Amino acid sequence: MASLGSPITIVRPHLIEFGIGTAGKLGRWAAEKGYRRTLVISDAFNASRIDVLELKGEVTVFSEVTPEPDTANLDKVLGVANAADAELIVGFGGGSAMDLAKLAAVLAGSTQTLHEVVGPNKVNGPRKVGLAQVPTTSGTGSEAGIRALVTDPKTMAKLAVESFHMLADIAIVDPALTFSVPARTTAATGVDAMAHCVEAFTNRKAHPMVDIYAIEGTRLVGRYLARAVKNGGDAEARAGLALASLYGGFCLGPVNTAGGHALAYPLGTRWHVAHGAANALIFPHVLAFNTPAAAEKTKAVMAALGYETAENIASVFDAAYAFCAELGIEMKLSGLGVPESDLDAMADDAFAIRRLLDNNPRDLTRADIRSIYAAAF
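The structure reproduced in this document is the subject of the present report. (Residues numbered from 1 in each chain as written. Predicted model: local features only at pLDDT ≥ 70, side-chain atom pairs only at ≥ 80, totals over all residues. Heavy atoms only, no water.)

With respect to topology, three strands assemble into an open sheet ordered β5-β8-β7, the strand pairing being mixed. At either margin of the open sheet sits one strand with a lone partner, and together these are β5 (119-120) and β7 (147-152). One ladder, built from two bridges, connects β5 with strand β8 (residues 157-162); its direction is parallel. Directly across from G119, in β8, lies its bridge partner V161. (Pairing = 2+ DSSP bridges. Helix = DSSP H or I, 4+ residues; strand = E, 2+ residues; numbered from the N terminus.)

This part covers the sheet that holds strand β2 (residues 37-42). The strand order across the open sheet formed by six strands is β1-β9-β6-β4-β2-β3, and the pairing between neighbours is parallel. Single-partner strands in this sheet number two, and they are β1 (15-18) and β3 (58-62). The sheet shows a mean angle of 15 degrees between the axes of neighbouring strands, direction not considered. Bridging between strand β4 (residues 88-93) and strand β6 (residues 130-135) involves six bridges; their strand directions are parallel. What sits directly across from V90, in β6, is A132. The strands that helix α1 (residues 25-33) touches are β1, β4, β6 and β9 (170-173); relative to β9, the one it contacts most, it runs at about 165 degrees. (Axes fitted to C-alpha atoms, helices over the stretch in contact; angles between N-to-C directions. Contact = heavy atoms within 4.5 Å.)

Further remarks concern the environment of L103. Tracing the backbone shows L103 in helix α4 (residues 95-107). With a relative accessible area of 0%, L103 lands in the buried category. Put simply, L103 and R49 are 54 residues apart on the chain and 23 Å apart in space, counted from C-alpha to C-alpha. Contacts of L103, omitting those with residues within four sequence positions, involve L74, L78, A108, L114, A148, V150, V161 and M166. (Buried < 20%, exposed > 50% of the residue type's maximum accessible area, 1.4 Å probe, protein only.)

Residue G125 is joined to P126 through a cis peptide bond whose omega torsion reads 0 degrees. With phi around 55 degrees, E54 is a residue other than glycine that occupies positive phi space. Note that E54 resides in the loop between α2 (44-47) and β3. Phi at N256 is positive, roughly 80 degrees, even though this residue is not glycine. Here N256 lies in the loop between α8 (235-252) and α9 (259-271). Accessibility expressed as a relative area gives 8% for N256, which makes it buried.

With that settled, consider the side chain of T22. Position of T22 among the secondary structure elements: in the loop between β1 and α1. What makes T22 buried here is its relative accessible area of 7%. Every residue in contact with T22, bar those within four places of it in the chain, is listed here: E17, I172, V173 and D174.

The next point concerns the pairing of β4. Within β4, six of the six residues are buried, which leaves the element mostly enclosed by the surrounding structure. In the sheet, β2 pairs with β4 via five bridges, with the strands oriented parallel. Each residue of the ladder has a partner; that of V40, found in β4, is V90.

Turning our eyes to something else, we now look at the environment of S142. Mapped onto the fold, S142 is located in the loop between β6 and β7. Judged by relative accessible area, S142 falls into the buried class, the value being 7%. In the structure, S142 is positioned 124 residues away from F18 in sequence and 15 Å away in space, judged by C-alpha atoms. Excluding anything up to four places from it in sequence, S142 contacts G95, M98, D99, K102 and R147. A polar side-chain atom of S142 sits 2.7 Å from a polar atom in the side chain of D99. (Polar contact = N/O pair within 3.5 Å; in protein donor to acceptor, adjacent residues only side chain to side chain.)

The following block contains the structure:
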């Protein structure tokens, strides 16, 4: 773990608007900036309600964002972006829409290709267009960060791009946009937001400047997630989750996630399991595994979730599993349609994600990963 004096770089969107009813501020901000041509990148449902953004001028909408987008989906986005010649690109949706918006903002009209910018700090700058992010789920925190991921269908691996040039000029977090999110999706995305916070908090790169967001984000999920699952119109609960998701996004830039996300990724790339659902299923297994290496912080995490007595591996697993299961989340790989015959290939895929596994507070061997998948089956 980093000490208080350890160097760290903190980034935030240049402007953050937070609160119920703030979505329309995007149009006013864009008008003040003089943007005349806007491209909104969204899924079909959110594309049907872009009027809430109150955008003026010429607005082009790409409405074909897919869950866990791949390179083909990105190619479609870039084709539309190049044709639209937009001055402002807006990600309007979940993490998939916002990640594609980031990539479109730096790749549309650029001589660089996706594969040339995979990795940290390879994007040529400065960015030529404005970038706005408007999340409609509470989970990814992508509105706050500088990373974007798409899947390579040939290798079944996530391609991760990291660049300060993908930081939003404005992020508008309007919890009212999440009122319509179904209970099951609310549960899974809420645990994803918590996983961002917990994995950053217990990370080898954990830092006091980030810990404050990480533990508070965890507390917010513990306090509000069950309420939002039970009643999607609970404005206070929705706002609490939206803030937790934003805090999770703050954690991703300087610290990032660790073993939990590494093990969750193959579920999405191979079996198209939604990112939040994959992280929720894996969460209790990796949290418990890491307990010996991060005992005090794990104790603080469990207390934040309301489990004051969960301290050893068994009690941490039982409590974290119960927290997720009681939200109605599917907690078995077999229940998500993952065949047992694929566990070895998934273990190989996860073990190769060194950019995350190297952050984990306890070394995860390939055998450890295979054992976790078996236990989750």
